[in-house]
Amino acid sequence: MPTISLKVNGKAVSAEVEGRTLLVELLREKLGLTGTHIGCDTSQCGACVVHVNGDSVKSCTMLALQADGAEVTTIEGLAAADGTLHPMQAMFREHHALQCGYCTPGMVMSAIDIVQKHPEGLSEEQIREELEGNLCRCTGYHNIVKAIAAAFPLMHQKHAA
Amino acid sequence: MYDFAYQKPASVADAVKLLAGDAEAKLLAGGQTFIPVLKQRLNKPSAVIDLAGLKLSGISVSANSVTIGAMTTHATVARSAEVKKAIPGLAMLASWIGDNQVRHRGTIGGSLANNDPSACYPAAVLALGAVIKTNKRAIKADDFFQGMFTTALEPDEIITAVEFPLPVEKSAYEKFRQPASRYAMVGVFVAKGPAGVRVAVTGAGQNGVFRVPEMEAALAKSWSPDAIAGVKVSPEGLNSDIHGSAAYRAHLITVMAKRAVAAA
């Protein structure tokens, strides 16, 4: 089996994988990072979204081998070492942007990417459009959109500082 | 998913060699269609040849053309200031494919090689009279699309880039999305450029993308939504499924085309 080396949440890791091993399987089963969820397994729900080289991707629709040499960030990589939440996580908590929580890791990872890619600003309508690839079966979208709007100034303030 | 041998060649020549040497091998571009196909066990390749090492990604603009590397992602095309300026309809189209995550991985070359009858890119490529460049030759869009999931590509041929001729005077894409999958139920790309005035429709035809000559003739005389308002597209040869009948799609083609003309 081929061996791949990549960085996950800032740490160098290597693992033996099969050709067919998906990135989400590598994360959950080999690296024990079960914060990344598998919802639909058909590329639609977005529960498995992680960042690969700074872009949000569905880790159920990428081979582990395609991530060889990449930098991957999962939900586990967001909070600071002392437990301080990432502003997006903090705003999800503040605005009660979750009910069952199943979609939350993917929602948070997509939300961070959306805010980072739109430094010029985001309307509520744009946030809803950009969330196209993430489904919440509790239909908790309203508070998710509120949380993302609230995280926007916090994240860009942090970038400016 | 059935297992396979994964290969990541570093040059187009090496990729072609691997492909030509194994009839059961398949190419992997962005994988946003192909990986789901593998997961459903609809395909059982002996080897998967990843094209990510071939350096086929990137956009270059000259006085006469915009050239987009085959492995360029939809997100890159959608955000490109150069594409937005030269062919705004093309950037618009790319920004509506799938969702953010799909756009970060999916590529123009993969989309064209697959030629899904509901894919967006074939409409732009046909309407803009683009040229598909491969390791062997340059194929005109008019000759490239040959029916549902069928193209002019030979078994050992790899798309390297797509060249869109300039100057493009007008371009726009309008898509009526299937409400669940968000694929185009009907997508219409309208363009006025070196290939003339063209109207290309995706999502509706049983044989994939096609042009609407009556609309093209009307728009060549007068570029306005009113000029094509009276064009009735025949439902013959259009898809009919649980999402909409052929007659419904035929009607939508004129509606989407009018909107695209107004937006261009």
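Description of the structure in this document. (Residues numbered from 1 in each chain as written. Chains lettered and ligands numbered in written order. Predicted model: local features only at pLDDT ≥ 70, side-chain atom pairs only at ≥ 80, totals over all residues. Heavy atoms only, no water.)

## Description of helix H2 (residues 87–94) of chain A
- Among the residues of H2(A), A:Pro87, A:Met88, A:Gln89, A:Met91 and A:Phe92 are the ones counted as buried.
- Backbone geometry just downstream of H2(A) places A:His96 in the positive-phi region, at approximately 50°. (Buried < 20%, exposed > 50% of the residue type's maximum accessible area, 1.4 Å probe, protein only. Helix = DSSP H or I, 4+ residues; strand = E, 2+ residues; numbered from the N terminus.)

## A closer look at the pattern of salt bridges
- Inspection of the entire model under this criterion finds 18 salt bridges over all chains.
- Between A:Lys117 and A:Asp55 there is a salt bridge; the shortest N-O distance is 2.6 Å. One end of the pair, A:Lys117, is in helix H3 (residues 104–117); the other, A:Asp55, is in strand E4 (residues 55–58), and 62 residues separate them in sequence.
- By relative accessible area, which is 25% here, A:Lys117 ends up partly exposed.
- Among the charged side chains, a salt-bridge network with shared partners connects B:Lys136, B:Arg137, B:Glu154, B:Asp156 and B:Glu157. (Salt bridge = Lys/Arg side-chain N within 4 Å of Asp/Glu carboxyl O.)

## Looking at the environment of B:Ala47
Residues and elements named next belong to chain B.
- In this structure, alanine 47 sits in strand E3 (residues 47–50).
- For alanine 47, a relative accessible area of 3% puts it in the buried group.
- For the pair formed by alanine 47 and tyrosine 6, sequence separation is 41 residues and the distance between their alpha carbons is 5.8 Å.
- Leave out the neighbours within four places in its chain, and alanine 47 touches Phe4, Ala5, Gln7, Asp22, Glu24, Ala25 and Lys26. (Contact = heavy atoms within 4.5 Å.)

Purely geometric numbers; function is a separate question.
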